[in-house]
Structures are given as C-alpha cells and as structure tokens.
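Residue-level structure breakdown
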Amino acid sequence: MEFNDNYQQFKEQFSLLSMEPLKKYTSFRVGGPADLLALPGSVQQLKDLLKAARQRQIPVTILGGGSNTLVSDEGIRGLVLVLKRFRARLDVVEARRVKALCGEALAAVVRFSSDQGLSGLEFAAGIPGTIGGAVMMNAGTKDKWMSHVLSSIDVMDPESLEVETIPAKDLRFEYRKLGLPGKIIISAMLDLVPGDPAAIKEKIRSHQERKRLTQPIAEASGGCFFKNPSPDNPAGKLIEEAGLKGMELNGAKVSDLHANFIVNTGGASCRDILALSEKVKQTVFETFNITLETEVKVTGHE
C-alpha cells in the first residue's frame, strides 16, 4: 500500500518495518503483510507505541509467538505489535514461584523451572509458543492446563496504559481460552512445587518423546486445529475415523501422524488451510453429526 503522511510519519518516528510478511512470525508460515510492524521489548516501548498509534488513529493488532494463529493472505492493516522479544531474566520468587514476561518461550520457562528443581510445569514440555500465548489459550494436555499452575498475571490496559496484577482466582478460564477482552498480558507468575530435579527432567523428557512420536512437531502447523468435543470424542479420533488422515489441498494437509493437526507442507496459503479445515468439519459432521470448533485463531484483513 502507499502510506499517507500519517502512516509515514509514524513509521519514521519509531523506525517501524513496513509491509512486513507475517508468515515470518507464525508457526503455520502463512500470512500476508502488516502495514507496519514493531517488536517492542519493554513495557515503556509498548506504551509509547500504543499511545502514538492511538493519537494517530492507527489500529493495533497484538501477536505473540504466532503458534496458534492463522493470519489471512491479505495481511493485517495498521500496526502489528509482535511481543516475542518481550523477555527478561527469569526469576524465582518466594522459593517456588517463577515469573516470566509474556514473550518468553514456554519451552524456556519449562527448562528453567526444572533447573531450579520446581515441579508442576512438566505437562507443558513440547508445547510451542510463548508464556503469554499459553496463558491466553489456557494451553495444556487433557489432564492439566496453565490455569492449574498460574498464580497471577500482569496486564496492560491499551487505553489507559496502566498495568495491574490480577490473581488467578479472579480470572475466567475456559477450555483453551482466557476471558480477558481488551487486555494485554505483560507477565505471568507460576506457582510450582519443589521437587527432585532429576525426576522433573525425566518427566519432561518423557512428555517430549511422546509428542515427538505422536505429533508433527517438526512441521509447520498451529498445534491442534480443533477443540475436542468431549473426552470420549477427541477431534483427532473423529477426524481419523472419518478417513481424513493425509487429506491434502494445495500444500495444506491433515497430518499422517495426528489427525487434529493441519500442516503446511510448503506453499499452502491461509485460504488453503481454511478450505481444508472446512472439508474436515463438513465430513466429520456428515459422519458423526458432531460440529468441530476451531481452536486456532484467525486474524487479519479478509
């Protein structure tokens, strides 16, 4: 696009990237360009960008690690703030709590916790993305989720730019969702349990090995694509029993390893992935009379 003076001045003021391909920032490796893009690394940088964007009436979209997100082929208008550089030294508080900024890789937090002899986060081993995204999605396994180990979060109001701490007991967690409209997660405090470092590391190794054998972790995907309708009818089981494993459309493919993963084998677009997901939903409904709900978030200009 050709920027007007307002956009051009904003770009120059903060040395922003322009028309940056968002496929570089998502695990699906798809997504059109952001008009403007910044990677803030501190609360003050984030505040400055949000304040200036509001003054110039430029819309803002927040992205974390991009591991559970599909960005449209047309990209995102306005300013995109990618928070994956929002990191600092991990700390242990009060002997058992770990505090991490939102852009810290979940894998790094799992590793740090185990090194400190703190147990409780082993279930998250092998889950991609950042700690902020993991909290927003209430990431986890069938038995344990982030809400089980969260003590509190610090959030920023994008209008007032104020930061507040919200105890976990006051948060509204659901299946793969945190009800936190309009707020930006700045950091998370995890409440863990002292344990034997060797036993913790072995449990992490076991989780990682299980994922390596059962999930396409080396391929471009967004993790599980659909929510599980029920414990007895997980989405992967329904999709596999409907005969859809290996179904492919223009480079988008239902994984041969785990049917609830749609992978980009190379060259797929957001449109291709969504078209394949619709075929999966339609077939599962026709076969089992069950409607699958998408777990992956779709964002961007249509």
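The sections below set out a description of the structure shown in this document. Remember, it's a predicted structure, so these values are computed and weren't measured experimentally.

We now examine the environment of K279. Note that K279 resides in helix α7 (residues 270–288). Take K279: its relative accessible area is 42%, and that puts it in the partly exposed class. In the structure, K279 is positioned 47 residues away from D232 in sequence and 22 Å away in space, judged by C-alpha atoms.

In this structure, E94 takes a positive phi of about 55° despite not being glycine. Counting through the fold element by element, E94 comes out in the loop between β6 (91–93) and β7 (97–101). Non-glycine residue A95 carries a positive phi angle of around 75°. Positionally, A95 belongs in the loop between β6 and β7.

Further remarks concern the packing of aromatic side chains. In total, this model carries three aromatic pairs according to the counting rule given. Consider the rings of F10 and F14, whose centres lie 5.4 Å apart with planes at 70°: the pair is edge-to-face. Placement of the pair is F10 and F14 together in helix α1 (residues 5–14), with a separation of four residues, close to one helical turn. We classify F10 as buried; its relative accessible area is 0%. Residue classification places F14 among the partly exposed residues on the basis of a relative accessible area of 25%. Ring pairs connect the aromatic residues F28, F225 and F226, which therefore count as one cluster.

In summary, the side chains of a regular strand alternate between the two faces of the sheet. Only one face of strand β3 (residues 60–63) is covered, namely the one carrying T61 and L63; the face carrying V60 and I62 has none of its residues buried. Across four bridges, the pairing between β3 and strand β5 (residues 76–82) is parallel. Across the sheet, L63 pairs through a bridge with V82, a residue of β5.

Take the packing of helix α3 (residues 106–115) against helix α5 (residues 197–214) next. In the contact formed by α3 and α5, the axes pass within 8 Å of each other and the chain directions differ by 155°. Taken together, the axes of α3 and α5 are roughly antiparallel relative to one another. Each of V110, S114 and D115 in α3 lies in contact with α5, whose residues at this interface are P197, I200, K201 and I204. Across the contact of α3 with α5, the residue classes tally to four nonpolar, one polar and two charged.

With that settled, the discussion passes to the sheet that holds strand β16 (residues 248–249). Taken together, the four strands give an open sheet; going across it, the order is β15-β18-β17-β16, and neighbouring strands pair in antiparallel fashion. Bordering the open sheet on either side are β15 (220–221) and β16, each of which pairs with just one other strand. Where β15 meets strand β18 (residues 262–264), two bridges bridge the pair, whose relative direction is antiparallel. Bridging across to β18, S221 finds its partner in V263. Across the face of the sheet, α7 comes into contact with β16, β17 (252–254) and β18 while running at roughly 30° to β17.

Counting residues in each nonpolar core, the largest one holds 54 residues, and the members touching the most others are F10, L46, L79, L121, M146, I153 and L190. The residues contacting I153, other than those within four sequence positions of it, are V135, E164, T165, I166, L171, L178, L180, I185, S187 and A188. One finds V30, I262, I273 and L292 within the second-largest nonpolar core, a separate group that totals 23 residues.

Turning our attention to the pattern of salt bridges. Taken as a whole and judged by the stated rule, the model has 20 salt bridges. With a closest N to O distance of 3.4 Å, D170 and K169 form a salt bridge. Overall, D170 belongs to the partly exposed group, its relative accessible area being 47%. Each of E94, R96, R97 and D191 takes part in one network of salt bridges that share partners.

Conventions we followed
Residues numbered from 1 in each chain as written. Predicted model: local features only at pLDDT ≥ 70, side-chain atom pairs only at ≥ 80, totals over all residues. Heavy atoms only, no water. Helix = DSSP H or I, 4+ residues; strand = E, 2+ residues; numbered from the N terminus. Buried < 20%, exposed > 50% of the residue type's maximum accessible area, 1.4 Å probe, protein only. Phe/Tyr/Trp six-rings, centres within 6.5 Å; stacked < 30°, edge-to-face > 60°. Pairing = 2+ DSSP bridges. Axes fitted to C-alpha atoms, helices over the stretch in contact; angles between N-to-C directions. Parallel < 35°, antiparallel > 145°, perpendicular 65-115°, else oblique. Contact = heavy atoms within 4.5 Å. Nonpolar A, V, L, I, M, F, W, Y, C, P; charged D, E, K, R; others polar. Core = buried A, V, L, I, M, F, W, Y, C linked by side-chain atoms within 4.5 Å. Salt bridge = Lys/Arg side-chain N within 4 Å of Asp/Glu carboxyl O.

Shape descriptors only; they carry no functional weight alone.
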